Amino acid sequence: MQLHPRHEAHSVCDAHEPNLLNTVIPLIVRLPNHLGDACMALPALDLLTGNGYAITLAGQPWAADLFAAYRWPAVSMTGSRRERVRALWRLRNAANAQALLMTNSFGSALDFRLAGIPATGYARDARSWLLRRAIPVEAADHMVEYYYRLAASIVGTSPDVPGDLRLAVSPSARQRARDLLEQHGVGTAYIVLCPVAVGLHRGRIKAWDGFEPISRHLLDRGAQVVAMPGPKETAAVRAALPNAILLPESNVSTFAAVLAGARLVIANDSGPGHLAAAVGAPLISVFGVTEPEKTRPWSSKATLVGGAAGWPRYEDVRAAVDGALSA
């Protein structure tokens with residue numbers, strides 16, 4: 001596990017930079033482990049960097065690529081506890097840093113305690129005694145607000161949460177996406193379908209079963225339907241969308257650029273859906289088992305269909321898609 005310095009920072013706007021009028025404070029941010037949550041943490045990261053914190057990200061291996069357009073070093077938190085603690089120890093020695101834990105687990109707090117890094121995080125999973133500062137959990141937060149409030153607890157200020165996520169995508173990722181789409185004969189008005197949602201929520205499948213008929217409907221309208229599987233998802237995506245243009249598996253920044261250029265994205269409540277929201281793509285978000293009040297896409301360009309009580313009718317999703325394409 002090596003520290004990965006940012007190698008592409010050209011598209012970062014001033015809002016993402018530390019306030020140089022203030023003292024720069026080193027801070028290790030333990031990112032959430034899931035792609036969608038990492039996207040929803042972006043306003044919190046911007047709040048930190050806008051208030052003088054020089055952040056280093058600690059998270060899943062894809063985190064460095066997700067935030068490749070930012071000047072945020074990243075270290076991978078994989079492997080055994082001993083390996084994770086060693087990686088954190090090196091960070092502690094490189095800068096006398098404190099930490100902010102966006103994860104909720106006892107184990108992540110233990111990693112930082114063993115590395116000797118004082119950490120702030122939510123008082124969850126019986127871990128308060130491991131933290132330098134344990135923040136009480138408030139009910140009914142959307143996840144964007146949940147992470148933002150945690151960041152505000154150490155910044156000492158709490159401005160309004162931005163109305164939309166704004167994930168910067170590097171020029172090289174955009175070029176890779178253009179090349180990939182051109183190689184597969186995809187024009188500029190393509191529609192991306194994201195049929196896979198990994199895991200269960202309270203024992204229920206998180207993926208809507210209507211992607212194949214909505215794909216046929218779009219093809220009948222003359223649309224180019226595109227799908228881009230995540231790691232080891234090619235077979236599942238091909239089974240769900242046999243007639244779509246299937247792009248090869250790639251890295252998350254290239255996927256973000258593909259989503260950013262789409263005329264429309266249709267997704268479950270999933271990592272790809274939140275990534276589409278983060279890059280500002282027009283989005284139809286299909287819910288069936290998860291709670292929109294906590295995980296709806298944080299985007300003014302998103303239309304939500306369905307809810308936690310059950311999947312929507314196919315006709316309702318099709319109407320939302322047709323309405324988005326006619327707008």
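Everything in this summary refers to the structure shown in the same document. (Residues numbered from 1 in each chain as written. Predicted model: local features only at pLDDT ≥ 70, side-chain atom pairs only at ≥ 80, totals over all residues. Heavy atoms only, no water.)

1. Some thoughts on the sheet that holds strand β11 (residues 245-246)
Okay, step 1: Strand order in the open sheet formed by six strands is β11-β10-β7-β12-β13-β14, with parallel pairing between adjacent strands. Only two strands of the sheet have a single neighbouring strand rather than two, namely β11 and β14 (302-306).
Okay, step 2: Note: strand β10 (residues 225-227) against β11, two bridges, orientation parallel. Residue pairing for β11: A227 is matched across the bridge by L246.
Okay, step 3: Sheet strands in contact with helix α8 (residues 211-220) are β7 (191-194), β10 and β12 (264-268), and its direction is about 170° off that of β7. (Pairing = 2+ DSSP bridges. Helix = DSSP H or I, 4+ residues; strand = E, 2+ residues; numbered from the N terminus. Contact = heavy atoms within 4.5 Å. Axes fitted to C-alpha atoms, helices over the stretch in contact; angles between N-to-C directions.)

2. Brief notes about the nonpolar core
Okay, step 1: By size, the foremost hydrophobic cluster in this structure holds 70 residues, and its most contacted members are L48, F67, V265 and L275.
Okay, step 2: Among the elements that line this core, the one with the most residues is helix α6 (residues 143-155), at ten residues.
Okay, step 3: Discounting residues that sit within four places of it in the chain, L275 has contacts with L35, C39, L66, L167, V252, F255, A256 and L259.
Okay, step 4: In this structure, V196, I266, V317 and V321 belong to the second largest nonpolar core, which totals 22 residues. (Core = buried A, V, L, I, M, F, W, Y, C linked by side-chain atoms within 4.5 Å. Buried < 20%, exposed > 50% of the residue type's maximum accessible area, 1.4 Å probe, protein only.)

3. Some details on the packing of aromatic side chains
Geometry of an aromatic ring pair is reported as the spacing of the ring centres plus the angle between the planes.
Okay, step 1: Taken as a whole and assessed by the stated rule, the structure comprises seven aromatic pairs.
Okay, step 2: Ring plane angle 50° and centroid distance 6.2 Å describe the contact between F106 and W129, whose orientation is recorded as tilted. Pair noted here: F106 is in helix α5 (residues 106-114) and W129 is in the loop between β5 (119-122) and β6 (133-135), with a separation of 23 residues, a long-range link.
Okay, step 3: A relative accessible area of 57% means that W129 is categorised as exposed.
Okay, step 4: Ring plane angle 25° and centroid distance 4.2 Å describe the contact between Y122 and Y146, whose orientation is recorded as stacked. Within this pair, whereas Y122 is found in strand β5, its partner Y146 is found in helix α6, the two being separated by 24 residues in sequence.
Okay, step 5: Classification of Y122 by relative accessible area gives buried; the value is 0%.
Okay, step 6: One aromatic cluster is present, built from ring pairs that chain together F67, Y70 and W72. (Phe/Tyr/Trp six-rings, centres within 6.5 Å; stacked < 30°, edge-to-face > 60°.)

4. Examining the sheet that holds strand β1 (residues 25-30)
Okay, step 1: Overall, parallel pairing links the six strands, which are arranged β3-β2-β1-β4-β5-β6 in an open sheet. Each edge of the open sheet carries a strand with a single partner, namely β3 (74-76) and β6. Ignoring strand direction, the axes of neighbouring strands in this sheet form an average angle of 20°.
Okay, step 2: For β1 and strand β2 (residues 53-59), the ladder comprises six bridges, and the chain directions are parallel. Its bridge partner lying in β2, I28 is registered against T56.

5. Remarks on the pairing of β1
Two faces belong to every sheet, and in a regular strand the side chains alternate between them.
Okay, step 1: Bridging between β1 and strand β4 (residues 98-101) involves four bridges; their strand directions are parallel. Residue R30 lies in a different strand from β4, and its bridge partner there is L101.

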